[in-house]
Amino acid sequence: MTEYFIEPALLVGEIDENINFSLPPVSGEEYIKRVVIEAQQCADVVVADIDHKQLKKPTIDIEPLSGCVEAPPWLGPTRDWQLYQVSEFSDTRLYVSQLKNGIETFKRKLGRCEMNLPDIEDEKGWIKFCSGHNEEKVKTVPTLSVIFHLNQPMIEQILEYLVQHLSSQKKIQYELGQWIYALLVVLEMPLTPDICSCLRSLARTCSIMRARSEELEVREIGALNLFICLVARYFRQLDLADP
């Protein structure tokens, strides 16, 4: 059977290897003969001669992301506690969503009010604002009036700012934790790939802080457990969940 596939498809007769390739072929048969001669001159296997000195090293080091760091036995939340937090969070999202719909209707009737908020591209400005370190030196609480003033792209962008900032901290500042929770409450689903990655980074960061819990207070550990729980069990990143 294999011999059938190696039989020539076209019969071109005797091949004169002294063909003058500088002249164009005068017939289709002569053209085929030239193709056969050129094919016979090609090596069966060709290996490129690579000068490794000319290859540039990668400018970005890519490290695989692992899951959450397992909690010390005395700090991990129970399964009942996690399920309760997910239920409470779900109820809060539903309640806030109903309020938002009513407020949006009210705004359309009276017009939108302007708020003195940082520009959405001002990462440092938002970190200071949500950390309570604004120019007026007044602690900023995430009120519904502020949260409802943000559209979904702004919510996602601010959340990314705060999670990135949190990765360089040793613990979650109280005001910052309030803002992260509030943004999660109004975060729409399904998640985009970018915001999904952001939430997974939040859970990992919290698990690392929890593992280094010598200087953390009880309420701070509770906040860490809560964010890990919500990311894993409400936003369905179950591979990051505590047992």
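Residues numbered from 1 in each chain as written. Predicted model: local features only at pLDDT ≥ 70, side-chain atom pairs only at ≥ 80, totals over all residues. Heavy atoms only, no water.

Would you mind going over the packing of helix α6 (residues 152-166) against helix α7 (residues 174-185) in detail, with residue names and values included?
Look at α6 against α7: their axes get within 10 Å of each other, and the N-to-C directions meet at 145°. The element α6 and its partner α7 pack so that their crossing is left-handed. Within the contact between the two elements, α6 uses I155, I158, L159, L162, H165 and L166 and α7 uses L176, W179, I180, L183 and L184. Each residue belonging to the contact of α6 with α7 can be placed in one class, and the counts come to 10 nonpolar, 1 polar and no charged. (Axes fitted to C-alpha atoms, helices over the stretch in contact; angles between N-to-C directions. Helix = DSSP H or I, 4+ residues; strand = E, 2+ residues; numbered from the N terminus. Left-handed = near helix turned anticlockwise from the far one by under 90°. Contact = heavy atoms within 4.5 Å. Nonpolar A, V, L, I, M, F, W, Y, C, P; charged D, E, K, R; others polar.)

Can you lay out the side chain of S213 for me, pointing to particular residues and giving the numbers?
As for its position among the elements, S213 is in the loop between α8 (193-211) and α9 (218-234). Setting aside residues up to four positions removed in sequence, S213 forms contacts with L75 and I221.

Break down the nonpolar core for me, citing the residues and quoting the values.
Generally speaking, soluble globular proteins have nonpolar side chains that are buried together. Ranked by size, the top nonpolar core spans 51 residues in total, and within it L159, L162, I180, L184 and L202 carry the most contacts. If you list the elements that add at least two residues to this core, you get α3 (79-110), α4 (123-131), α5 (144-147), α6, α7, α8 and α9. Examining the composition of this core, we find that 10 residues originate from one element, α9, more than from any other. The contact partners of I180, leaving out residues within four places of it in the chain, are L159, L162, L166, L202 and F227. (Core = buried A, V, L, I, M, F, W, Y, C linked by side-chain atoms within 4.5 Å. Buried < 20%, exposed > 50% of the residue type's maximum accessible area, 1.4 Å probe, protein only.)

Provide a residue-level description of the environment of I155, including the pertinent values.
With respect to the secondary-structure elements, I155 resides in helix α6. For the pair formed by I155 and I180, sequence separation is 25 residues and the distance between their alpha carbons is 9.9 Å. When residues no more than four places from it in sequence are discounted, the contact partners of I155 are L150, L183, V186 and L187.

Outline the environment of L216, supporting the account with residue identities and numerical values.
Along the chain, the position of L216 falls in the loop between α8 and α9. Judged by its relative accessible area of 14%, L216 falls in the buried class. For the pair L216 and K171, spaced 45 residues apart in sequence, the C-alpha separation works out to 7.3 Å.

Quick one: what's the story with the packing of α6 against α8, residue by residue and with numbers?
Where α6 meets α8, the axes come as close as 10 Å, and the angle between the chain directions of the two elements is 30°. Comparing their axes, α8 and α6 come out roughly parallel. As for how α6 packs across α8, the hand of that crossing is left-handed. Residues E156, L159, E160, V163 and L166 of α6 pack against D194, I195, C198, L199, S201, L202, T205 and M209 of α8. In the contact of α6 with α8, the residues fall into 8 nonpolar, 2 polar and 3 charged. (Parallel < 35°, antiparallel > 145°, perpendicular 65-115°, else oblique.)

Give me the lowdown on the pattern of salt bridges, citing residues and values where you can.
Across all of its chains, the model carries 4 salt bridges by this definition. The partner of R200 in a salt bridge is D239, and the shortest N-O contact between them spans 2.7 Å. Residue R200 is located in helix α8, and its partner D239 is located in the segment after α9; the two are separated by 39 residues in the primary sequence. Its salt-bridge partner being E217, residue R219 comes within 3.5 Å of it at the nearest N-O pair. (Salt bridge = Lys/Arg side-chain N within 4 Å of Asp/Glu carboxyl O.)

Explain α7 to me, using residue names and the numbers behind them.
An ideal rise of 1.5 Å per residue puts 16 Å on 12 residues; α7 measures up with 17 Å between its terminal C-alpha atoms. Of all the 12 residues making up α7, 9 are buried; the element is thus mostly covered by neighbouring parts of the structure. Turning to α7, its buried residues number three or more, namely E175, L176, G177, W179, I180, A182, L183, L184 and V185. (Expected span 1.5 Å × (residues − 1).)

Provide a residue-level description of the packing of aromatic side chains, including the pertinent values.
For the coordinates displayed, the defined rule picks out 6 aromatic pairs. Arranged with centres 6.0 Å apart and planes meeting at 65°, the rings of F89 and F235 form a pair that is edge-to-face. Of the two residues, F89 sits in helix α3 while F235 sits in the segment after α9, which places them 146 residues apart along the sequence. For the pair shown, F89 and F235 are each scored as buried. Ring geometry for Y234 and F235: centres 5.1 Å apart, planes at 80°, overall edge-to-face. Here the aromatic cluster, defined as three or more aromatic residues joined through ring pairs, consists of F89, Y181, Y234 and F235. (Phe/Tyr/Trp six-rings, centres within 6.5 Å; stacked < 30°, edge-to-face > 60°.)

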